[in-house]
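Breakdown of the fold
Given next are the chains, with one letter for each unit.
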Amino acid sequence: MSSGLSVDNLVTTYGAVRALDGVSLQVQDGTITAVLGANGAGKTTLLRTINGLVRPVSGQIRYGDHDLLKTRVEDVVQAGIAHVPEGRGVITELTVEENLRLGALWRNDRATSDESLREMYAMFPPLAERRLQSADTLSGGERQMLVVARALMARPSLLLLDEPSLGLAPRITAQIMATLRRLREAQGLTVVLVEQNARSALSVADEAVVLNLGKVVAQGPAADLAADEKLRHAYLGF
Amino acid sequence: MFRFLNLTLAGISNGMIFAAVALALVLIWRATRIVNFAQGAMLMVTTFIAWDLSQNHGVNYWVCMIVAIVAGLIIGGVSERVLVRPVENGPPINAVIVTLGLFIFLQGLAGAIWGNAQAHSYPPGYSIIGYKVGSRTLLFSPNDLYIVLAVTVMLLALYLLFNRTPVGLRMRASAFNPEVSRLLGVHVGRLLTVGWALAAAVGAVAGLLAAGTQPGYVAPSGYFDALLVYGFTAAVIGGLDSSVGAVIGGLLLGVLLSWADAYIDNNVEGMYALIILIAVLMLRPNGLFARPAARRV
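None of these values were measured; they are calculated from a predicted model.

**Some remarks on the overall build of chain A**
Of regular secondary structure, chain A possesses nine helices and ten strands. Here the C-alpha atoms of chain A give a radius of gyration of 17 Å, agreeing with the 18 Å that 2.2 N^0.38 yields for 238 residues. When its C-alpha atoms are laid out on the principal axes, chain A stretches across 45 × 40 × 35 Å. Considering chain A as a whole, with its 238 residues, one finds that 55% of them fall into the buried category. A separation of at least 24 residues holds for 68% of the contacts in chain A among residues at least 6 apart in sequence. Split by element, the accessible area of chain A, about 10100 Å² in all, is 49% carbon and sulfur.

**Examining the pattern of salt bridges**
A full pass over the atoms with the stated rule returns 19 salt bridges over all chains. A salt bridge links Glu179 of chain B to Arg48 of chain A, with the shortest nitrogen-to-oxygen separation between them at 2.9 Å. On the criterion of chain membership, the pair formed by Glu179 of chain B in helix α7 (residues 178-183) and Arg48 of chain A in helix α1 (residues 43-50) is interchain, its members lying in two chains. The exposure class of Glu179 of chain B is partly exposed, given its relative accessible area of 35%. Among the residues examined, Arg48 of chain A registers a relative accessible area of 25% and is labelled partly exposed. The salt bridge involving Asp206 of chain A is made with Arg184 of chain A; its shortest N-O contact spans 2.5 Å.

**Quick look at the packing of helix α5 (residues 142-164) of chain B against helix α8 (residues 188-211) of chain B**
All names here are of chain B. Taken N-terminus to C-terminus, the directions of α5 and α8 make an angle of 170°; their axes are 10 Å apart at the nearest point. Regarding the angle of α5 to α8, the classification is roughly antiparallel. From α5, Tyr146, Ile147, Ala150, Val151, Met154, Leu158, Leu161 and Phe162 reach across to α8, where they touch Leu198, Val202, Val205 and Leu209. The residue makeup of the contact of α5 with α8, split by class, is twelve nonpolar, no polar and no charged.

**Things to note about the interface of chain B and chain A**
Between chain B and chain A, the contact holds 19 residues from the first and 22 residues from the second. Carbon and sulfur atoms make up 64% of the area that chain B and chain A hide from each other, which totals about 1900 Å². The tally of links from chain B across to chain A stands at three salt bridges. Across the chain B-chain A interface, the total number found is six residue pairs in polar contact (both at pLDDT 80 or more).

**What to know about unusual backbone geometry**
Residues and elements named next belong to chain B. One non-glycine residue, Arg33, adopts positive backbone phi at about 55°. Looking at the secondary structure, you find Arg33 in the loop between α1 (2-32) and α2 (39-57). Residues other than glycine seldom take positive phi values, yet Leu240 does so here, at roughly 60°.

**What about the side chain of Glu163 of chain A?**
All names here are of chain A. Within the secondary structure, Glu163 is located in the loop between β7 (158-162) and α6 (170-187). Among buried Asp, Glu, Lys and Arg side chains, Glu163 stands out as unpaired, with Lys43 the closest opposite charge at 4.0 Å. Within polar-contact distance, the side chain of Glu163 engages the backbone nitrogen of Gln196 at 3.5 Å. Sequence-distant contacts of Glu163, that is, excluding residues within four places in its chain, are made with Lys43, Glu86, Val194, Glu195 and Gln196.

**So, the pairing of strand β10 (residues 215-221) of chain A**
Within a regular strand, side chains alternate between the sheet's two faces. All names here are of chain A. Relative to β10, strand β9 (residues 207-212) is paired through six bridges, and the arrangement is antiparallel. Bridge assignment links Val209 to a residue of β10, and that residue is Gln219. Hairpin connection from β9 to β10: two residues lie between these consecutive antiparallel strands, with Leu213 at a positive phi of about 45°.

**So, α6 of chain A**
All names here are of chain A. With 18 residues, α6 should cover 26 Å at 1.5 Å per step; its first-to-last C-alpha distance of 25 Å lies within 8% of that length. Residues of α6 that are buried: Ile172, Thr173, Ile176, Met177, Thr179, Leu180, Leu183 and Arg184. The buried residues of α6 all sit within an arc of 150° when viewed along its axis, so they share a single face. Along α6, the residues that are exposed and aim more than 90 degrees away from the buried face are Pro170, Arg171, Arg182, Glu185 and Ala186. Check the buried side of α6 and you find it contacts β3 (32-36), α3 (110-123), α5 (140-153), β7, β8 (190-195) and α7 (198-204). Just past α6, the residue Gly188 takes up positive phi, approximately 70°.

**Observations regarding α3 of chain A**
All names here are of chain A. For α3, with 14 residues, the first-to-last C-alpha span of 20 Å sits near the 20 Å given by 1.5 Å per residue. Among the residues of α3, Thr112, Ser113, Ser116, Leu117, Met120 and Tyr121 are the ones counted as buried. Looking at the buried side of α3, the elements it contacts are α2 (96-104), α4 (125-129) and α5. Here α3 starts with a cap whose side-chain oxygen sits 3.1 Å from the backbone nitrogen of Ala111, and that cap is Asp109.

**Some points on the confidence of the model for chain A**
When pLDDT is averaged along chain A, the result is 90; 99% of the residues meet or exceed 70. Ranking the helices and strands of chain A by mean pLDDT puts α2 of chain A first, with 95, and helix α9 (residues 229-236) of chain A last, with 84.

**Here we look at the sheet that holds strand β2 (residues 17-27) of chain A**
Residue and element names in this part refer to chain A. Taking strand neighbours across the sheet as the criterion, the four strands line up as β2-β1-β4-β5 in an open arrangement whose pairing is antiparallel. Of all strands in the sheet, those with a lone pairing partner are β2 and β5 (66-67), marking the two edges. Here eight bridges tie strand β1 (residues 5-14) to β2, and the two strands are oriented antiparallel to one another. Its bridge partner lying in β2, Val7 is registered against Leu25.

**Details of the nonpolar core**
Grouped together as the largest cluster of nonpolar side chains are 94 residues, with contacts concentrated most on Leu102 of chain A together with Tyr122, Leu209, Leu227, Leu253 and Leu257 of chain B. Top element by residues in this core is α8 of chain B. It accounts for 15 residues. Once residues within four sequence positions are removed from consideration, Leu102 of chain A is found in contact with Ile91 and Leu94 of chain A together with Leu169, Ala173, Leu184 and Val186 of chain B.

Calculation rules
Residues numbered from 1 in each chain as written. Chains lettered and ligands numbered in written order. Predicted model: local features only at pLDDT ≥ 70, side-chain atom pairs only at ≥ 80, totals over all residues. Heavy atoms only, no water. Helix = DSSP H or I, 4+ residues; strand = E, 2+ residues; numbered from the N terminus. Rg over C-alpha atoms; globule rule 2.2 N^0.38 Å. Buried < 20%, exposed > 50% of the residue type's maximum accessible area, 1.4 Å probe, protein only. Contact = heavy atoms within 4.5 Å. Areas by Shrake-Rupley, 256 points an atom, 1.4 Å probe, with all protein chains shown as cover. Salt bridge = Lys/Arg side-chain N within 4 Å of Asp/Glu carboxyl O. Axes fitted to C-alpha atoms, helices over the stretch in contact; angles between N-to-C directions. Parallel < 35°, antiparallel > 145°, perpendicular 65-115°, else oblique. Nonpolar A, V, L, I, M, F, W, Y, C, P; charged D, E, K, R; others polar. Buried area = accessible area lost by both parts, 1.4 Å probe. Polar contact = N/O pair within 3.5 Å; in protein donor to acceptor, adjacent residues only side chain to side chain. Lys, Arg positive; Asp, Glu negative; His and termini not counted. Pairing = 2+ DSSP bridges. Expected span 1.5 Å × (residues − 1). Arc of directions from axis to C-beta. pLDDT = per-residue confidence, 0-100. Core = buried A, V, L, I, M, F, W, Y, C linked by side-chain atoms within 4.5 Å.

Listed below in structure tokens is the structure:
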């Protein structure tokens, strides 16, 4: 069995625009990898191609034994991959608890779902206080907690996060990042983190990949990238 | 006063049937954002099937009901899968045309099988002779009570299905946010098929209940077309998005029409429905029960 997530020479186009132009990257199991870059660099497209919402023109994506290009979006979760959309991915018409339960429904196993629910409430107490409220009533930070918790309800081995810091207070972003690190230590969770906020992402990540106009312009240990002043100025904005 | 009470009771019984048709429309609207103009024709066909069994083969009322429901499930599910699926992601007008086409097709099909010339009668579930209060007869019969109870039970069953079961949660999630639902492992496409099947089954029950209220109800066009118009009016009054709204819209319409028929003139019932619809749309453009829509800038 091969391990980790491997993306090989991925090309995704929107009409004439090559949003991903031959992207390759390796994510080892149990690591946190940050995907960085400016708006329009192809970060979100990369996530959407990995989870199957967008089909590439060419290239390969494998996770463990799964060929993700042959997997339907609805079945990606069965390969152990959970997706955390931005805070807007909360289904506001449902209650907090319904949102959470949805994350574990694919298992068709009520007992496991109940257990995961208790874990999530322990991990994110504000959600427990609001469990029967409409998700519409949550603040931005609580919504982000909810989408992370909902993804964890699936008990994934790989978590894909899309801009978890967008529009959030730094303190809340830090809390979420700390939770991710804890999960990596405790359960060997693998995380791919797409971020515009490079500074905070590099502080939690083990590895990092910098995209620019659909191409990988740098990759390596997060600490090395953070120390590279030229790279920071050119692509990361700090 | 007694007359007023009587008219109101008669209106409630009719209103429950409108509510059931409205609910069928709401189920499809919520799942696919399509107004199913074929709803009336679908329930006409299921009612014809039940009528054929009952009339020509002497099949029991309740067995006919079950057959009609199953036929509804099949017609609804197959329609979504085969006809609606290909246009689901296109411009809304395409789906409207497809449902109109289905409407005409089903009407033609029923005519070809059962004939256009004659209108048939369907037996009511229970006696249509009104209950007596002292020496006076109410415009409310055991059959009316049966209609009210049948629709109420159906509403409760749907409520429990949507709010207490995993399938219901999946259906609501995929209606509200299909993309996020797919990422969470929900097979959105399958649930759309289930939604249409369910809606047509609800319609099938409404069709049978309605057919028992008037002699000569069962014909390819006529009463069933009017039923769709009233169901649609009720659904729009309720806001198209809300099942509670559909029920209240149906009851409101039933009672108002009953009053208008008696106190004004009963030859122009369709016009009253139109006036009520326009009045509601002028006062509350999103219907009485829709969530206030976010202003699109």
